[in-house]
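Observations on the model geometry
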Amino acid sequence: MEEAILFGLIGWVLGWLLTLFILVMIGRMIVDWAVTFQARGDWVWKVRRVTHGITEPVLSPVRKVLPPVRFGGFGLDLAFTVVFIAALILRSIVW
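Everything numeric in this text was worked out from a predicted model, so none of it was measured.

What counts, and where the lines are drawn
- Residues numbered from 1 in each chain as written.
- Predicted model: local features only at pLDDT ≥ 70, side-chain atom pairs only at ≥ 80, totals over all residues.
- Heavy atoms only, no water.
- Core = buried A, V, L, I, M, F, W, Y, C linked by side-chain atoms within 4.5 Å.
- Buried < 20%, exposed > 50% of the residue type's maximum accessible area, 1.4 Å probe, protein only.
- Helix = DSSP H or I, 4+ residues; strand = E, 2+ residues; numbered from the N terminus.
- Contact = heavy atoms within 4.5 Å.
- Patch = residues over 30% accessible without salt bridge, like charges linked within 9 Å, V, L, I, M, F, W, Y side chains within 5 Å.
- Areas by Shrake-Rupley, 256 points an atom, 1.4 Å probe, with all protein chains shown as cover.
- Salt bridge = Lys/Arg side-chain N within 4 Å of Asp/Glu carboxyl O.
- Axes fitted to C-alpha atoms, helices over the stretch in contact; angles between N-to-C directions.
- Parallel < 35°, antiparallel > 145°, perpendicular 65-115°, else oblique.
- Left-handed = near helix turned anticlockwise from the far one by under 90°.

A word on the nonpolar core. Counting 8 residues, the largest nonpolar core is built from Leu18, Phe21, Ile22, Met25, Leu59, Phe80, Val83 and Ala87. Looking at this core, the elements with two or more residues in it are α1 (2–36) and α3 (78–94). In this view, Val83 contacts Phe21, Met25, Val58, Leu59 and Val62; residues no more than four positions away in its chain are not counted.

This paragraph deals with a nonpolar patch on the surface. A surface patch of nonpolar side chains, about 1,200 Å² in accessible area, is lined by Leu6, Phe7, Leu9, Ile10, Trp12, Val13, Leu14, Trp16, Leu17, Leu20, Leu23 and Trp95. On the basis of relative accessible area, Leu6 is assigned to the partly exposed category, the value being 48%.

To continue, consider the packing of helix α2 (residues 42–65) against α3. Interhelical geometry of α2 versus α3 gives an angle of 120° and a closest axis separation of 9 Å. Judged by the angle between their axes, α2 and α3 are oblique. Handedness of the crossing formed by α2 with α3: right-handed. Residues Val58, Leu59, Val62 and Arg63 of α2 form the contact with α3, whose participating residues are Ala79, Phe80, Val82 and Val83.

Put into structure tokens, the structure is as follows:
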């Protein structure tokens, strides 16, 4: 019985961590768009530094395997998409 409680607690903690990671990824996406559209303000760079600091250790190894795809002046970061979808799937499994 204690094992079930322990696994339930581990699943709950992992679910919350994955939810927070997904929210940080969404924040990174919004801040990157703000920078692309030339948003002004010191807060943009502070938030960008935090979101990139949290997500880049996960995205960087994936980006080595799946480099961004270029469409003229537009680039699609496949690593971001793959990690985001993987985090959603993992969260649905553990939660």
